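Remarks on the overall topology
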Amino acid sequence: MIKVGLIGAGKMGLSHLSILGAHPNVEVVGVCDTSKIVLSALEKYSKFHCYTDFLIMLEKEKPEAVFVATPTKFHFEFVKELLSRNIHVFVEKPFCLTEEQGLELTSIATEKTLVNQVGYHNKFVGTFREVKKLVKNGSIGDITHFMGEAYGPVVTKKKEGTWRSNPAEGGGCLMDYASHVIDLINDILAPVTASKGSIMKSIYSKMVDDAVYSLLELSDKTTGVLSVNWSDETYRKMSTSITINGTKGKIISDAHELKVFFKEEDCPEGYSKGWNVKYVTDLTDQVNFYLRGEEYSAQVDYFIDAVAGKVPNNINNFQSAWLTDRAISIIKNKK
Amino acid sequence: MERILYGDNQFFAVNHISDQKSMDQAIKFKSDEAIIRTLDYAIEAGINTFMCTTHDRIAKICDIIRSNPEKYKDFKIYPCMPYAHKYANAVTELGIQGTIKQYVPGNIFGTMFKGGMALVSKDFLKIMELLIDAEMKMFKGINTPVIFLQNVITDLLLGLGMVEVLKGYHDYILKKYDAEPGYITMNMPKLLDTLESVGIENPIICSSINAANFRMSGGMKLYEETLRTRKVRAIAMQVLGGGAIPINEAIEYVCSLPNIESILFGASSKGNIENTVSKINYFNK
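This brings us to the overall build of chain B. A count of helical and extended segments in chain B gives twelve helices and eight strands. The C-alpha extent of chain B, read off along each of the three principal axes, is 60 × 45 × 35 Å. Burial statistics for chain B: of 285 residues in total, 44% are counted as buried. Pairs at least 24 apart in sequence give 76% of the contacts found in chain B among residues at least 6 apart.

Set out below in structure tokens:
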């Protein structure tokens, strides 16, 4: 059994906690949050030991690994403290508020060979994994253009909000929403290294962007477009997609459906010339406990397996999340 | 429960295999008339139970049902609460406390509970009861013999080990609504163990059951074993495995399993509704 703690029991924290609570190889040793209402509910109805000070939790419970799901502004300080105590860390996205912070944490974790992972769950979605495989195998030839998109109904009215509406705390569509798409582009294609121009629009929010559009260039000089809007009510929930044009074909994929077009007969096994459609149901492995999508359970399972030494720590590690943080600041600086 | 239950995913752009189909459905079912017309097709095909989430638009459907008492006299609704995206989007924007403030009726942090927060925190079950009442308001005067807790909440509580809350839901539905509580889950065997541990016997559980082993946590062998050997009133949903299985094979598999009381399906056209019903009737024999 791996002893795991949690800091931050908000929406993502509770989701992680539930998955961890049902995990056969995990013992949840402590939960830390500052919200009285959440803590009293957990104290009264769950078996978890609850804390308001994470340092006391670390002292008393001695977890081997900790999940950090606090507002982004606390990530750097908390994660640094955990690493200094040789604790493996899973932290929510986005990773840090600045590039420097992310770089520092990445080098500490690497130096100490501690397992480090960030919650970009799309990398555990079957369709996107298949897209990466097709691109890396060169199946669609040289990439000529890409378009990464995400739309959803998060902020649909003018309203005072929480930390998510404060730019200094990691709020806004670029940090919170577009980061998922940027992370996918970084992973499937190559890291974003330049922006040729960005538009960050406030639609309903007073202080942060509700939509972001940017022309991107990647480290291998591939170019494409980012288009993300979290004030789009025509979507029931977040819908993330990527379109990639290549010299030998084209890929259009969201988290449910993968459509691939091949120009010639020469294509990978399981595909043929013309349009091919595959569904996530065919590309997804069963999870032991399902809460809200296989990918949320799969990323937790992967982290726990990495702590147990069963898998390499090479999906969503700090290094890759730092590249996403860097892309966020590149896009921001070009507006 | 009847053998066949009609679901509502198609009306609210819930599609597990395609965002594009999702949008097509939102366009097709823009008007309440389109929903009612399709519900009537289901009734004509012999289905009298509509299992639906407590989406805002269902309130309008309930108005139409109430205003045609003769036409819908045998019609039953199995509400499934809550409509989770409403709360999930609110939590992202307002936080947990802000969401409770917005959706729990009355001023919960003020006059309603003297002493405010401290007391509220201690009475989580009371908050749950108020939320259930708020969700049930739209069904007043409609026959709702089974009331379900949605899978994201059931499974969240299951993972957190909040067994007493699952039990609290059970007790409140029986007491206040004189209805049977049901649970939707993606982890049926684990949920059954947990419910039995607090003395809930032979519960109504709706879960993914299909020949593709899709969203059957713990695996289909364990599900088959559970159905064969345990006391549970099972409803099979996602029988097509998200579209992965041809319909004949899908229905034949589910009909061959023991202990499945009902099959839940959704379809958006008259032809598909009639076709699915006739397949189930065929393989039932």
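Below, the discussion takes up the sheet that holds strand E5 (residues 88–91) of chain A. Pairing in this open sheet of six strands is parallel, and the strands run E3-E2-E1-E4-E5-E6 (chain A) from one edge to the other. Two strands in the sheet have a free side with no partner beyond their single neighbour: strand E3 (50–51) and strand E6 (116–118) of chain A.

Before going further, it helps to spend a moment on the pairing of strand E3 (residues 76–81) of chain B. Residues and elements named next belong to chain B. As paired strands, strand E2 (residues 49–53) and E3 are joined by five bridges and run parallel to one another. Opposite threonine 53, over in E3, you have cysteine 80 as the bridge partner. In terms of handedness, the path from E2 via helix H3 (residues 56–66) over to E3 forms a crossover that is right-handed. Pairing of E3 with strand E4 (residues 146–149), which is carried by two bridges, proceeds in the parallel orientation.

Turning our attention to the interface of chain A and chain B. Counting residues at the interface gives 41 residues for chain A, matched by 44 residues for chain B. Going through the elements one at a time, helix H1 (11–21), helix H2 (36–45) and helix H8 (280–283) of chain A are the ones with two or more residues in the side of chain A that touches chain B. Element by element, the count of residues in the side of chain A that touches chain B is highest for H2 of chain A, at seven residues. Class assignment for the residues of the side of chain A that touches chain B results in 17 nonpolar, 13 polar and eleven charged.

Residues and elements named next belong to chain A. Those residues of helix H4 (residues 75–84) that fall on the buried side of the exposure criterion are His75, Val79, Leu82 and Leu83. Projection of H4 onto a plane perpendicular to its axis shows the buried side chains occupying an angular sector of 95°, all on one side. Facing away from the buried side of H4 by more than 90 degrees, the exposed set consists of Glu77 and Ser84. On its buried face, H4 is in contact with strand E4 (65–68), E5 and helix H5 (99–111). With its phi angle positive at about 60°, asparagine 86 sits one or two positions after the end of H4.

Once that is clear, we can look at unusual backbone geometry. Between lysine 93 of chain A and the following residue, proline 94 of chain A, the backbone shows a cis peptide bond with an omega angle of -15°. Structurally, proline 94 of chain A can be placed in the loop between E5 and H5. Look at the link from methionine 81 of chain B to proline 82 of chain B: it is a cis peptide, with omega at -10°. Inspection of the secondary structure assignment puts proline 82 of chain B in the loop between E3 and helix H4 (84–103). Of note in this structure, asparagine 213 of chain B is not a glycine but carries a positive phi near 60°. Within the secondary structure layout, asparagine 213 of chain B lies in the loop between strand E6 (204–208) and helix H10 (220–229).

Moving on, we get to the packing of helix H6 (residues 126–136) of chain A against helix H7 (residues 173–188) of chain A. All names here are of chain A. Contact pair H6 / H7: the axes reach a minimum separation of 9 Å and the direction vectors enclose 35°. Note on element contacts: H7 touches H6 through Leu184, Asp187 and Ile188, opposite Phe128, Val131, Lys132 and Val135. Taken together, the residues of the contact of H6 with H7 sort by class into five nonpolar, no polar and two charged.

Residues and elements named next belong to chain A. Within the secondary structure layout, glutamate 99 lies in helix H5. The exposure class assigned to glutamate 99 is partly exposed, which follows from the 17 C-beta atoms found within 10 Å. Residues glutamate 99 and aspartate 325, spaced 226 residues apart in sequence, show a C-alpha to C-alpha distance of 6.2 Å.

Moving on: the environment of threonine 226 of chain B. All names here are of chain B. If you trace the backbone, threonine 226 turns up in helix H10. Its 20 C-beta neighbours within 10 Å are what place threonine 226 among the buried residues. Residues threonine 226 and arginine 57 lie 169 residues apart in sequence; the distance between their C-alpha atoms is 36 Å. The residues touching threonine 226, leaving out its near neighbours within four places in the chain, are Met188, Pro189, Leu192 and Val232.

A word on the sheet that holds strand E8 (residues 192–201) of chain A. All names here are of chain A. In space, the eight strands of this open sheet follow the order E8-E9-E10-E7-E11-E12-E13-E14, with mixed pairing throughout. This sheet does not close on itself; its edge strands, each paired only once, are E8 and strand E14 (274–279). Pairs of neighbouring strands in the sheet enclose a mean axial angle of 10°, with direction left out of account. Taken strand by strand, H6 contacts strand E11 (239–246), strand E12 (249–254), strand E13 (257–262) and E14, and its axis lies near 160° from that of E12.

Each value, and the rule that gives it
- Residues numbered from 1 in each chain as written.
- Chains lettered and ligands numbered in written order.
- Predicted model: local features only at pLDDT ≥ 70, side-chain atom pairs only at ≥ 80, totals over all residues.
- Helix = DSSP H or I, 4+ residues; strand = E, 2+ residues; numbered from the N terminus.
- Buried ≥ 20, exposed ≤ 12 C-beta atoms within 10 Å, placed from the backbone.
- Contact = placed C-beta atoms within 7 Å.
- Pairing = 2+ DSSP bridges.
- Right-handed = clockwise from strand over helix to strand, strands pointing away.
- Nonpolar A, V, L, I, M, F, W, Y, C, P; charged D, E, K, R; others polar.
- Arc of directions from axis to C-beta.
- Axes fitted to C-alpha atoms, helices over the stretch in contact; angles between N-to-C directions.

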